[in-house]
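Commentary on secondary and tertiary structure
Given next are the chains, with one letter for each unit.
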Amino acid sequence: MYAAELVEIVPRELKFKFEPKKQSSCTIRLVNKSQNHVAFKVKTTSPKKYCVRPNTGVIKPRSSCDFTVTMQAQKAPPPDMACKDKFLVQCTVVAEETVEDDITSAMFSKDDGKYVQENKMRVILSPPSSPVLSPINRVQGDLPSYTDSPREDQVHGNENISSQQEGDVNGVHSHSGRYEESLTRDQVNPLDQNPQKELDENVNEFKKENANMQMEGKHVQLETRKHEEEMELVKNVGIMKSKISELERKLSEAKDTISRLTEERKFTAQERESLQRELVMLTNKNGGRKVRVGFPLLYVITVAFISMVFGYLLHY
């Protein structure tokens, strides 16, 4: 239903400056690019480690909303400052009268065919003195399931998660049990992990991301080529239409010329028939008269008499 993204996320990664036994925060902005009211929900793979305020909300059309993610104080950094924690931002269109208290997890269910935009965000850690490197924006591949991020009062209130929260965590994904197992292994003693294994996993993850980017580049090239071919086809169709219009115009002119020549020929035939009738009438009118050949007899006698008189006078 929606070809483009409902919400733009700035920045696309969560960047924290890690300091032992100190909290660190970063702010993410959600920009609603649509003409509808959009509800959002923020989830994380480590709900005990992070606090998101607010973790739900409604963004008005063409407006923005900020949420702050606070990483709780940690005793020691992970090996090579590599963090596997992930965040998921879900967005969907809601009614105009919807408020933050009306937002439920069922709103972001895709079972009924509703469009839900999902953006995965990775966590980048850096020491206080070094700048945060800019990694690849999107992370592809299989990620662990996501649970709702607790509010700040829930984090500081009780370290042991309640049974209701456990139900929410286990209900987010069908294989949350396997995820909880790996999460516990990562958080029990992070210093016992193998740095080489962590590096290999990061390299494999980068390769996957690079392959996905190449596939997206090829897809963009195919779309561009297809668009160019469509534009060329439209141009050729326009040229053919103009040529057809020109041929139709010339055909119309030829028809007019043929019609004019036909009328002139008919008029000439009528004139010829009229002349023939007049000629027949004249022939019939002069048909009783006889045509005489040579000089009349009286004329010959007169000329002879005059010649004789003239010769006689000359003789005398």
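Keep in mind it's a predicted model, so treat the numbers as computed, not measured.

1. Things to note about the overall build of the chain
From N to C terminus, the chain includes 5 helices and 10 strands. The long-range fraction of contacts in the chain, counting pairs at least 24 apart against all pairs at least 6 apart in sequence, stands at 75%. Of the roughly 22700 Å² that the chain leaves accessible, carbon and sulfur atoms contribute 55%.

2. Points about the packing of aromatic side chains
This structure, assessed with the given rule, holds 3 aromatic pairs. On the numbers, 6.3 Å between centres and 25° between planes, the contact of Phe-40 with Phe-67 is stacked. Taken together, the positions of Phe-40 in strand β4 (residues 37-44) and Phe-67 in strand β7 (residues 64-71) put the pair 27 residues apart, joining distant regions of the chain. With respect to class, Phe-40 is no different from Phe-67; both count as buried. Between Tyr-50 and Phe-87, the ring centres sit 5.0 Å apart and the planes meet at 75°, which makes this aromatic pair edge-to-face. Remark: Phe-87 occurs in strand β8 (residues 86-94) and Tyr-50 occurs in strand β5 (residues 50-53); sequence separation between them is 37 residues.

3. Re the pattern of salt bridges
Following the criterion strictly, the structure yields 7 salt bridges and no others. Ionic pairing is found between Glu-19 and Lys-22, a salt bridge with its closest N-O pair at 3.4 Å. Close ionic contact of Lys-110 with Glu-118 constitutes a salt bridge, the shortest N to O distance being 3.6 Å. We classify Lys-110 as partly exposed; its relative accessible area is 45%. On the accessibility criterion, Glu-118 (35% relative accessible area) is partly exposed. Connected through shared salt-bridge partners, Glu-246, Arg-249 and Glu-253 make up one network.

4. Brief notes about the environment of Asn-55
Relative to the helices and strands, Asn-55 resides in the loop between β5 and β6 (56-59). Since its relative accessible area comes to 9%, Asn-55 is described here as buried.

5. Details of the sheet that holds strand β3 (residues 24-32)
With antiparallel pairing, the 4 strands of this open sheet are ordered in space as β1-β3-β7-β5. A strand with exactly one partner marks an edge of an open sheet, and here the two such strands are β1 (7-10) and β5. With direction set aside, neighbouring strand axes in the sheet form an average angle of 25°. Two strands pair when backbone bridges link them, and β3 and β7 are joined in this way by 8 bridges, in the antiparallel orientation. Across the sheet, residue Ser-25 finds its bridge partner in β7, namely Thr-70.

6. Remarks on the pairing of strand β9 (residues 117-126)
Across the 10 residues that make up β9, a large majority, 8, are buried. Pairing between strand β2 (residues 14-17) and β9: 4 bridges, direction parallel. If you follow Leu-14 over to β9, its bridge partner there is Val-123. In this structure, β8 lies alongside β9, joined through 6 bridges in antiparallel fashion. In the strand pairing of β9, Leu-88 is matched with Lys-120.

7. Things to note about unusual backbone geometry
Residue Val-10 is joined to Pro-11 through a cis peptide bond whose omega torsion reads -10°. Among the structural elements, Pro-11 can be located in the loop between β1 and β2. The backbone of Lys-21 sits at a positive phi, close to 60°, despite the residue not being glycine. In this fold, Lys-21 is placed in the loop between β2 and β3. Look at Lys-21 and you get exposed, because its relative accessible area is 67%.

8. A word on helix α5 (residues 297-315)
In a regular helix each residue adds 1.5 Å, so 19 residues correspond to 27 Å; α5 covers 27 Å between its end C-alpha atoms and thus fits that length. The element α5 is largely exposed, with a buried count of 0 among its 19 residues.

Rules used throughout
- Residues numbered from 1 in each chain as written.
- Predicted model: local features only at pLDDT ≥ 70, side-chain atom pairs only at ≥ 80, totals over all residues.
- Heavy atoms only, no water.
- Helix = DSSP H or I, 4+ residues; strand = E, 2+ residues; numbered from the N terminus.
- Contact = heavy atoms within 4.5 Å.
- Areas by Shrake-Rupley, 256 points an atom, 1.4 Å probe, with all protein chains shown as cover.
- Phe/Tyr/Trp six-rings, centres within 6.5 Å; stacked < 30°, edge-to-face > 60°.
- Buried < 20%, exposed > 50% of the residue type's maximum accessible area, 1.4 Å probe, protein only.
- Salt bridge = Lys/Arg side-chain N within 4 Å of Asp/Glu carboxyl O.
- Pairing = 2+ DSSP bridges.
- Axes fitted to C-alpha atoms, helices over the stretch in contact; angles between N-to-C directions.
- Expected span 1.5 Å × (residues − 1).

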